[in-house]
Amino acid sequence: MAGISAVTRGRIVFGGDYNPEQWPSEVWREDVELMRRAGVSLVTVGVFSWSRLEPTPGARDFGWLDEVLDLLHAGGIAVDLATPTASPPPWLGRRHPETLPVDADGRRLVYGSRNHFCPSSPVYRRHALSLVADLAQRYGDHPALAMWHVDNELCEVCHCDVSAAHFRHWLRSRYDDDLDALNEAWHTVFWSQRYSDWAEILPPRRAPYLVNPGQRLDFRRFCSAALLECFQAQRDVLRAATPDIPITTNFLGLDAPLDYRALAEREDVVSHDWYPDPTDPAAHELAGLSFDVMRSLAGGPWMVMEGATSAVNWRRRNGVKAPGRMRAESLHAVARGADAVCFFQWRASRAGAEKYHSAMVPHAGPDTRIFREVCELGVDLTRLAEVVGADVESQAALVLDWESWWAVGLDAHPTADVDVLGRLRAWHAALARLGVTADVVASDADFSGRRLVIVPNLYLVTDDAAANLTSFVRRGGTLVLGCFSGIVDEHDHIRLGGYPAPFRELLGLRIEEFDPLDDGESVRCSSALLGDFEARDWLDDLRVEGAEVVAEVAEGRRKGRPVVLRHGFGAGTAWYVATEPEPAAVGALARQVCAGAGVTGVLTGLPAGVTATRRGRVLFVINHGPDPASVELPAAGVDLLRGGRQAGRTELPGFGVLALVAE
Amino acid sequence: MAGISAVTRGRIVFGGDYNPEQWPSEVWREDVELMRRAGVSLVTVGVFSWSRLEPTPGARDFGWLDEVLDLLHAGGIAVDLATPTASPPPWLGRRHPETLPVDADGRRLVYGSRNHFCPSSPVYRRHALSLVADLAQRYGDHPALAMWHVDNELCEVCHCDVSAAHFRHWLRSRYDDDLDALNEAWHTVFWSQRYSDWAEILPPRRAPYLVNPGQRLDFRRFCSAALLECFQAQRDVLRAATPDIPITTNFLGLDAPLDYRALAEREDVVSHDWYPDPTDPAAHELAGLSFDVMRSLAGGPWMVMEGATSAVNWRRRNGVKAPGRMRAESLHAVARGADAVCFFQWRASRAGAEKYHSAMVPHAGPDTRIFREVCELGVDLTRLAEVVGADVESQAALVLDWESWWAVGLDAHPTADVDVLGRLRAWHAALARLGVTADVVASDADFSGRRLVIVPNLYLVTDDAAANLTSFVRRGGTLVLGCFSGIVDEHDHIRLGGYPAPFRELLGLRIEEFDPLDDGESVRCSSALLGDFEARDWLDDLRVEGAEVVAEVAEGRRKGRPVVLRHGFGAGTAWYVATEPEPAAVGALARQVCAGAGVTGVLTGLPAGVTATRRGRVLFVINHGPDPASVELPAAGVDLLRGGRQAGRTELPGFGVLALVAE
Amino acid sequence: MAGISAVTRGRIVFGGDYNPEQWPSEVWREDVELMRRAGVSLVTVGVFSWSRLEPTPGARDFGWLDEVLDLLHAGGIAVDLATPTASPPPWLGRRHPETLPVDADGRRLVYGSRNHFCPSSPVYRRHALSLVADLAQRYGDHPALAMWHVDNELCEVCHCDVSAAHFRHWLRSRYDDDLDALNEAWHTVFWSQRYSDWAEILPPRRAPYLVNPGQRLDFRRFCSAALLECFQAQRDVLRAATPDIPITTNFLGLDAPLDYRALAEREDVVSHDWYPDPTDPAAHELAGLSFDVMRSLAGGPWMVMEGATSAVNWRRRNGVKAPGRMRAESLHAVARGADAVCFFQWRASRAGAEKYHSAMVPHAGPDTRIFREVCELGVDLTRLAEVVGADVESQAALVLDWESWWAVGLDAHPTADVDVLGRLRAWHAALARLGVTADVVASDADFSGRRLVIVPNLYLVTDDAAANLTSFVRRGGTLVLGCFSGIVDEHDHIRLGGYPAPFRELLGLRIEEFDPLDDGESVRCSSALLGDFEARDWLDDLRVEGAEVVAEVAEGRRKGRPVVLRHGFGAGTAWYVATEPEPAAVGALARQVCAGAGVTGVLTGLPAGVTATRRGRVLFVINHGPDPASVELPAAGVDLLRGGRQAGRTELPGFGVLALVAE
């Protein structure tokens, strides 16, 4: 199977979504001309073109697409050809209302928007695959074709009766046709929920009170699996037709609906849609995390499939990107392993629901700040060709499991505010301040060769994963475990006997009771090692059973309560964080943990808002803020972007980027 | 056709909604006696009386109404007889559930409240018209009959299948049976929404994501048209029966659901329901705007059909009106052209959903502050008889188009907070502070004879309207255009090539990008002409192409960005306001604009909260606040209300009103 | 019929909900052993066991329950055996979807949670009663059986068509088959809502605007009655089988859905579920009120059926109870008449929706703070055996009517913020600060022998209740009436002629208009008797007709407006409070009122957060806060809990409790 290198071919891909069907054909020529001017090398075509390709049931209208692909090819622009299955034509919904999705309240959602399909519907799937097969046949040999783009941002969820039957089918498989096993897993003995027949089982629809958490967790698994099936069915058709063309589907940012790891395993190229908030001064933190997630999913280079050149259209207030910001964000992705930087979309729509989404060519045309910045970015990317295919140096690992993320998000917990992404972001940012880059891996990943593994939250843990983490420490690794981890097994059943049961020995402690703080409440903590800090959101009522107390509550009725602990275990060290420390304390902790684990970053003494990563032989230093910042370079180097030698204390302008290669 | 003069007959109408069916007949006699005491001249009868008039399908019970009309007539009180069609009886909903409305979520709403009908339902319409015809026949010759009141506050919206069919029928007519034209107008090529058959088209029901804006805009047009049909059908029956009796239907305040202009053209008398918030110290601003809208719709005198003597019942907390406030509000309407002041309702209900709505006769009876103030108002109105039928002097025009209002309210815009009404209010209030009164007109109105036209927002603009505004300036007029205007055509398609394309030449500028501020964010602006001010909500990233910069951003990364511009064009001047300035800056701008246009008010140097308008030969000066205020009168005059000569600096008590006629 | 004494048998019952079906049988033996260690005397078994007892339609699986009851009996632990009808098995919902409830939006709620039944469904009732009958037959003679526990926290509401038919049936009975009477009661002449046939009447489902308040009020009555029918049907089956076993059903805290008084009359034991918020420092105030409500409903001792040993699981953040807090809360209940202290639940669930609800045995097992506190409480309760069956001394009465509570909660009122419970709590707390304990009684209760009756709110008042309260004062009593009382009759019709019509003579005043304050607004009031204070939320515009003004508004446009009035009437005194005074002013008022009525508490000079009550010969003094507090004891006594003599100024530790018996 082909991978991303079949697309990059030695240069960083630059481009965007191209929707020529929205424009008269005279515009197409101008488009190709402007693309060439901007250095665009790849465009994604056809994402929402179903009703154009199949205007009436069974019809095929490929003429316009033939013309577009020929034109692009003639212009030297490769095509990421999309299957248009994320938005079926109105005729499908009207003729087959059962293909339309139903929400948990029983409301059938209609066409006239997008995403209006039931992933379990065999009728939908049949219509979709038929068109995909014809696309593959018609364009499989087209010289412009560089990649297949299956569907778009898979995220659909449905609660209809067809989905219910599919859910039951999936459950029978999961539980080996053993209804007792399901009843046990879902603990249906509670509240008299025992199923006497598979046919009784429904998706978690609206109910009078709290819905069974086992059912909800399995439904999330099922929804993910159903989308995976949709992807796989298309992938199989495409792969059979064009074994050498890599296949991707774009992720909807860093979100929970789909088990990204399972999907990444099944696609050839990992691609990512990322829309940071232009008004958030810390937007680069979540961005950096998401980029590292994508690189880890891909096991190497990946693509930014979508981003905005400036404003989006779906926030309440859609701020623009200040000059230089789009460039810094794009190069940040490259610094963390992206081999492609693409945007939604090439030319701003003149009508429809996304007409106020920015684009590479704005409504005001090419004589604009935005288009000029796009062209400059195109040049910058050509200067970075040497990093194509290169690895990013990482010094640590963060653990993220989608199933645990789903489980901790269920209701009726000690607090509704355990924020998995927020914790990952806090740790990722703290490491980044030290110049340390982290991979983001599964709890059952192979940790051999790693020194430092940080588990911000792992509410749900399997026996295997618990053993894996324990053995990592025993063999000499350093582990940090965040609170409310190791609490339940894969069925969301409590691991009994004092929390966190599978890690008690490893951590040298035992928790009797969770003690969440009120919203807005904080307690002062003291620590010789970390300095004093404020803790929020969570505390444990725990007993030390061997661990060393690194920080404790300094005041109030919980005075003396341990909040950070360290425990030598085997040849390694396990840290436990029994609260949500303020960011500065996470920073101090990260410093101690890295020091203890012998981990050092690629550049130290970084000011706030500046990150440094090494990819191949290039050291990327990026100023994510609008104000100038200065860094102390460890060695002299040549900047691939602006040219010239840099050494010692070096000033970066606002949104400035250095790509240094040692002299 | 008869107009409002057939009702006023030389005196300001005074009265209210009268619901005798809610009371035993012994109360009716007391009612007439109290009405006479209060000086009531007209009451609206029968608004929600369907189930009383037609207690079972097809039955007619007119006896009680005969008695009521006779009694009123004997008491010298005229009747505005209502068709009771805003609330069908339960039997209709039970026998014909398809007459009940369905919301966008597919929920069928039930009877037991009011407004529970589908405007598109032929069954509803047939039942309604049959009763209307019988009413017209029975009471067309009754001597008490002075006016017909069709339905009540038309505002119903329905998404049912009957409405869907009606919507399709309306669309076929709008698009000349050309489905391609609809697909083009709705830009259905986006997100694969192309319709292959008229039968596929639905109202904008709940969907997975953003719904097609063209579909939403046309649905708003359709809903307005469907209500208009309901009105017209009743009007035609009534007019055929009683060609000399004027016909009205009361507007639901200053709201967007219905194209008021289209309705006003089809009725004989414009009537208005207005419920200012008694706890809002600036309530008179929106009131004044709404009164000017009504006068402009009517092209002359209009009616206050409903108002509250004190509290309403539908706010979370329903504050009362301080003594004098109701009088000032009522005379404010007269000062802006009302020839009738009526209230909802005559006697406070003793039960039901509106029992806590204030009335002319409260639960506590006539020995109350409220009833005393009602009686005093009755006397005041008789003192103002000379203004009946007289014109209100206006010096400027504000532009308001319902279609643009609908369009700018759609979602996925640069900001969700473009507040058409708020901007109109700000400009109206700024003009009012200068003693300038504005008409509120359509963008394609005839502007000949006008000096100053202010367009606070005109997001959607037709080619004709753009030409009309441009030609107004070319011929010497002064135009002010607010931001996010001239952006789309009547299909909500972007007018390409730099915003606002149709006004770029007129304004001498070109906008590359919208740059909305965050919620709560403001930027300091400086201006030699206007003084420094804070700007909020919106900025444009624009290039000057000939215009003079009057104000610019004074700080931050947008420093130097123009926010107010002036451009000589032809014989006139065009101003552009690229932000939402704070109220004081709108005031300063209004002052400059008026000065430039040679517009002066009827009274200058007005303190805050005092307004002045001239109607006929009467100068109305109204203090809308509870504290005394003083004004400098330009000339001596006699106060029609309190008598006595007033000249020079004159003190108005809290809520005081002067109605001065020059000596 | 047997009462609570058949359960207590001379000792305070101690125990909790026991759900052995959730655990393997090997755990059961440990459970009994731990129960014995903790001093548990009664457990509630089977609350949600329907699907376990009847795994398939008609089947019966009693074997496990036999074993559990035998085991408990062998351990000396009595059983409160529950009917499991609050959560039908999935098979019932699947086979009979019409048994599932429908909300006001028409959404049918599904199984997979609990409470998913339509109380009006004959199919549900038939299945429920059949199982109840079999339970009664099988366990009626079991020696462990001490009490029947019908269903659980009855609160279900349904809007389906079956409920609609039942509602109509209930209405025909209420209105003696006279549809005109219903039309009159619901004032359907308003908004054309007149019913021409019983068949037209529906539950108050979603409608376009405000729904008829008479219909809403009767629907609340009906829902309460439907649940009462469900209770009674089960009770009758159980009583027939076991005439000597008392029957209860547990109330869902102090809430409005059900007329508790009507239910308390029909059960043998009043039992209460109470979950104070551990993070609320004033939680004991509402707790004390609720306990006094329960004692008053029971007319003597009552049960705490459920409480939490620490955190619950259903708040957004579920704080734990500080050490000692659970004990103080439990003994507070005993001090106010509880003869049983039980918890939900015995052993924390290992899975399901309530697994994070605290229990007597936590997930961490018996070696925990919580289990130790449980055991200590068990000992404390044995020390208080002498209060079993004893009366609590009360010096005053508070009035609470469920129908008025329902009516004042309807919409479209002068303010949406009349908080019946909040006012009761404020008065209860003010009395408690004076050492005065109040019964909570109906407005038509027998007040002979009482000195002081406080009516914080009685919006809806019947003629009989108005006469009862008036006659109480005439005969020498002291009455306090809160604002917005006496406004409507039982049909929610205004009592005309100046508010509050039935109490005008009694109070010596007449209200013209309600004058609610804005949210957050307050006015300063002055009073020689009470001191100055802030008033919020409500004012009346009233005229004094004989009353003495005790406090009046001190500022603003309402200056001089009376806010507290006192009126001698017959041999007694009536106070009227025309606003919501701040808590300190309620305290000052309570002091004056008590002094005037000759009421004194059991202990005076209580510091904040300390309450004192006398039960039998025991004086309970409880510190509800975490900090120490001291009280001046009136007489020396021996502490039943800790032993030792206490006299004079005595220190209580945080959450400390004294149970003193005079020497």
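Residues numbered from 1 in each chain as written. Chains lettered and ligands numbered in written order. Predicted model: local features only at pLDDT ≥ 70, side-chain atom pairs only at ≥ 80, totals over all residues.

S.K.: Quick question: what am I supposed to make of the overall build of chain A here?
M.R.: Across its full length, chain A carries 18 helices and 27 strands. Taken over 663 residues, chain A has a buried fraction of 62%. (Helix = DSSP H or I, 4+ residues; strand = E, 2+ residues; numbered from the N terminus. Buried ≥ 20, exposed ≤ 12 C-beta atoms within 10 Å, placed from the backbone.)

S.K.: I tried to follow the relation of the copies chain B and chain A on my own but got confused; where do I start?
M.R.: The pair of chain copies shares a relation made of a rotation about an axis and a shift along it. For the pair chain B and chain A, the best superposition has an RMSD of 0.0 Å and corresponds to a rotation of 120° with a translation of 0.0 Å parallel to the axis. Expressed as a symmetry operation, the mapping of one chain copy onto the other fits a three-fold axis. Residue arginine 107 of chain B, judged by its C-alpha, is the member of chain B lying nearest the rotation axis, at 5.3 Å. (Least-squares fit on C-alpha atoms with pLDDT ≥ 70 in both.)

S.K.: Explain the pairing of strand 27 (residues 657-662) of chain A here, please?
M.R.: For a regular strand, side-chain orientation follows a simple rule: the groups alternate between the two sheet faces. Residue and element names in this part refer to chain A. Where strand 22 (residues 618-623) meets strand 27, five bridges bridge the pair, whose relative direction is antiparallel. Among the inter-strand pairings, leucine 619 is bridged to a residue of strand 27, identified as leucine 660. Looking at chain direction, strand 24 (residues 637-639) and strand 27 are connected through three bridges and run antiparallel. When the sheet's bridge partners are listed, glycine 637 is paired in strand 27 with alanine 662. (Pairing = 2+ DSSP bridges.)

S.K.: Help me out: how do you make sense of the sheet that holds strand 7 (residues 302-306) of chain B in this one?
M.R.: Residue and element names in this part refer to chain B. Judged by pairing direction, the barrel is parallel, and its eight strands sit side by side in the order 1-2-3-4-5-6-7-8 before closing back on the first. Neighbour to neighbour, the strand axes of the sheet diverge by 30° on average, direction disregarded. With two bridges joining them, strand 4 (residues 145-149) and strand 5 (residues 247-251) adopt parallel strand pairing. Paired with tryptophan 148 across the strands is isoleucine 247, a residue of strand 5. With respect to the sheet, helix 11 (residues 283-298) is in contact with strand 6 (269-273), strand 7 and strand 8 (338-343), its orientation differing from that of strand 6 by roughly 165°. (Axes fitted to C-alpha atoms, helices over the stretch in contact; angles between N-to-C directions. Contact = placed C-beta atoms within 7 Å.)

S.K.: Explain the environment of alanine 340 of chain A here, please?
M.R.: Residue and element names in this part refer to chain A. With respect to the helices, strands and loops of the structure, alanine 340 is situated in strand 8 (residues 338-343). Measuring from C-alpha to C-alpha, the distance between alanine 340 and glutamate 393 comes to 19 Å, with 53 residues separating the pair along the chain. Those residues within four positions of alanine 340 in sequence are excluded, and the remaining contacts are Thr8, Ile12, Val13, Met303 and Val304.

S.K.: Please clarify how the interface of chain B and chain A should be interpreted in this entry.
M.R.: Chain B puts 47 residues into the contact, and the matching count from chain A is 52 residues. Looking at the side of chain B that touches chain A, the elements with two or more residues in it are helix 9 (213-241) and strand 13 (509-514) of chain B. If you tally residues by element for the side of chain B that touches chain A, the top one is helix 9 of chain B, at three residues. In terms of residue class, the side of chain B that touches chain A is made up of 19 nonpolar, 14 polar and 14 charged. (Nonpolar A, V, L, I, M, F, W, Y, C, P; charged D, E, K, R; others polar.)

S.K.: It is not clear to me how the packing of helix 11 (residues 283-298) of chain A against helix 15 (residues 420-433) of chain A should be interpreted in this structure. Could you clarify?
M.R.: Residues and elements named next belong to chain A. Direction vectors running N to C along helix 11 and helix 15 enclose 95°, while the axes themselves pass 9 Å from each other. For the element pair helix 11 / helix 15, the angle class is roughly perpendicular. In contact with Glu285, Leu286, Gly288 and Leu289 of helix 11, helix 15 contributes Leu424, Arg425, His428, Ala429 and Ala432. Of the residues belonging to the contact of helix 11 with helix 15, the class tally is five nonpolar, two polar and two charged. (Parallel < 35°, antiparallel > 145°, perpendicular 65-115°, else oblique.)

S.K.: Help me understand the confidence of the model for chain A in this model?
M.R.: For any part of a model where pLDDT is low, the fine detail of the predicted coordinates should not be relied upon. With 100% of its residues at a pLDDT of 70 or more, chain A has an overall mean of 97. Reported for the predicted complex are a pTM of 0.97 and an ipTM of 0.97. (pLDDT = per-residue confidence, 0-100.)

S.K.: Teacher, can you tell me more about the domain arrangement of chain A here?
M.R.: All names here are of chain A. As far as domains go, chain A holds domain 1 (5-158 + 244-387), domain 2 (396-597) and domain 3 (610-662). Taking only C-alpha atoms, the centre of domain 1 and the centre of domain 3 are 31 Å apart. Taken together, the elements giving at least two residues each to the side of domain 1 that touches domain 3 come down to helix 11, helix 12 (325-335) and helix 13 (369-383). Ranked by the residues each element gives to the side of domain 1 that touches domain 3, the list is headed by helix 12, at six residues. Of the residues in the side of domain 1 that touches domain 3, the class split is seven nonpolar, five polar and six charged. (Domains from an automatic or database assignment.)

S.K.: It is not clear to me how the packing of helix 12 of chain A against helix 13 of chain A should be interpreted in this structure. Could you clarify?
M.R.: What describes two packed helices is the angle between their axes and the distance between those same axes. All names here are of chain A. The contact between helix 12 and helix 13 brings their axes to 10 Å, and the two run at 30°. Considering their axes alone, helix 12 and helix 13 lie roughly parallel with respect to each other. At the point where helix 12 passes helix 13, the crossing takes the right-handed sense. Across the interface between the two elements, Met326, Arg327, Ser330 and Leu331 of helix 12 pack against Glu373, Glu376, Leu377 and Asp380 of helix 13. In the contact of helix 12 with helix 13, the residues fall into three nonpolar, one polar and four charged. (Left-handed = near helix turned anticlockwise from the far one by under 90°.)

S.K.: How should unusual backbone geometry be read in this particular structure?
M.R.: Among all residues save glycine, negative phi is the norm, and among peptide bonds the norm is trans. For the bond running from phenylalanine 344 of chain A to glutamine 345 of chain A, omega is -5°, close enough to zero to count as cis. One can find glutamine 345 of chain A in the loop between strand 8 and helix 13. Residue arginine 9 of chain B is not a glycine yet carries a positive backbone phi of 45°. Positionally, arginine 9 of chain B belongs in the loop between helix 1 (5-8) and strand 1 (13-18). The class for arginine 9 of chain B is exposed, based on 11 C-beta atoms found within 10 Å. In this model, asparagine 115 of chain C sits at a positive phi of 65°, which is unusual for a non-glycine residue. For asparagine 115 of chain C, the position within the fold is in the loop between helix 5 (90-95) and helix 6 (122-139). According to the C-beta neighbour criterion, asparagine 115 of chain C is buried, with 21 such atoms within 10 Å.

S.K.: Help me understand helix 12 (residues 325-335) of chain C in this model?
M.R.: Given 3.6 residues to a turn, an α-helix orients residues that are three or four positions apart in the same direction. In terms of burial, helix 12 of chain C is largely enclosed, as eleven of its eleven residues are buried. Residues Arg325, Met326, Arg327, Ala328, Glu329, Ser330, Leu331, His332, Ala333, Val334 and Ala335 of chain C constitute the buried set of helix 12 of chain C.

S.K.: So what exactly am I meant to see when it comes to the interface of chain C and chain B here?
M.R.: A common way to express how large an interface is: the accessible area buried when the components associate. Chain C puts 47 residues into the contact, and the matching count from chain B is 52 residues. Mapped onto the side of chain C that touches chain B, the elements with two or more residues apiece are helix 9 (213-241) and strand 13 (509-514) of chain C. Ranked by residues supplied to the side of chain C that touches chain B, first place goes to helix 9 of chain C with three residues.

S.K.: Is there a simple way to think about the sheet that holds strand 18 (residues 562-569) of chain B in this case?
M.R.: Backbone-to-backbone hydrogen bonds pair the strands of a sheet. The strands run either parallel or antiparallel. Residues and elements named next belong to chain B. Pairing is mixed in the open sheet, where ten strands are placed in the order 10-9-11-12-19-18-17-14-15-20. On the outer flanks of this sheet lie strand 10 (438-441) and strand 20 (580-581), each paired with one strand and no other. Packed onto the sheet, helix 16 (residues 463-474) meets strand 11 (452-455), strand 12 (478-482), strand 18 and strand 19 (572-577) and runs at close to 125° relative to strand 19. Contacts from helix 18 (residues 583-597) reach strand 11, strand 12, strand 15 (533-536), strand 18, strand 19 and strand 20, with the element oriented near 155° to strand 12.

S.K.: Got a minute to help me understand the environment of alanine 578 of chain C in this structure?
M.R.: Residues and elements named next belong to chain C. Assignment of secondary structure puts alanine 578 in the loop between strand 19 (572-577) and strand 20 (580-581). Residue alanine 578 is classed as buried on the basis of its C-beta count, with 29 C-beta atoms lying within 10 Å. The spatial distance from the C-alpha of alanine 578 to the C-alpha of glutamate 552 is 9.7 Å, given a sequence separation of 26 residues. Excluding residues within four positions of it along the chain, alanine 578 makes contact with Cys483, Leu539, Asp540, Leu542, Pro562 and Val563.

S.K.: Just checking my understanding: could you explain helix 9 (residues 213-241) of chain A for this structure?
M.R.: When the terminal C-alpha atoms of helix 9 of chain A are compared, their 42 Å separation across 29 residues agrees well with the 42 Å that a helix rising 1.5 Å per residue should span. Among the 29 residues that make up helix 9 of chain A, 21 are buried, leaving the element largely enclosed by the rest of the structure. (Expected span 1.5 Å × (residues − 1).)

S.K.: Explanation requested: the pairing of strand 10 (residues 438-441) of chain C in the structure shown.
M.R.: All names here are of chain C. Residues Ala438 and Val440 line one face of strand 10 and the alternating positions Asp439 and Val441 line the opposite face, and both faces are buried. Here strand 9 (residues 396-399) pairs with strand 10 via four bridges, running parallel. Directly across from valine 399, in strand 10, lies its bridge partner valine 441.

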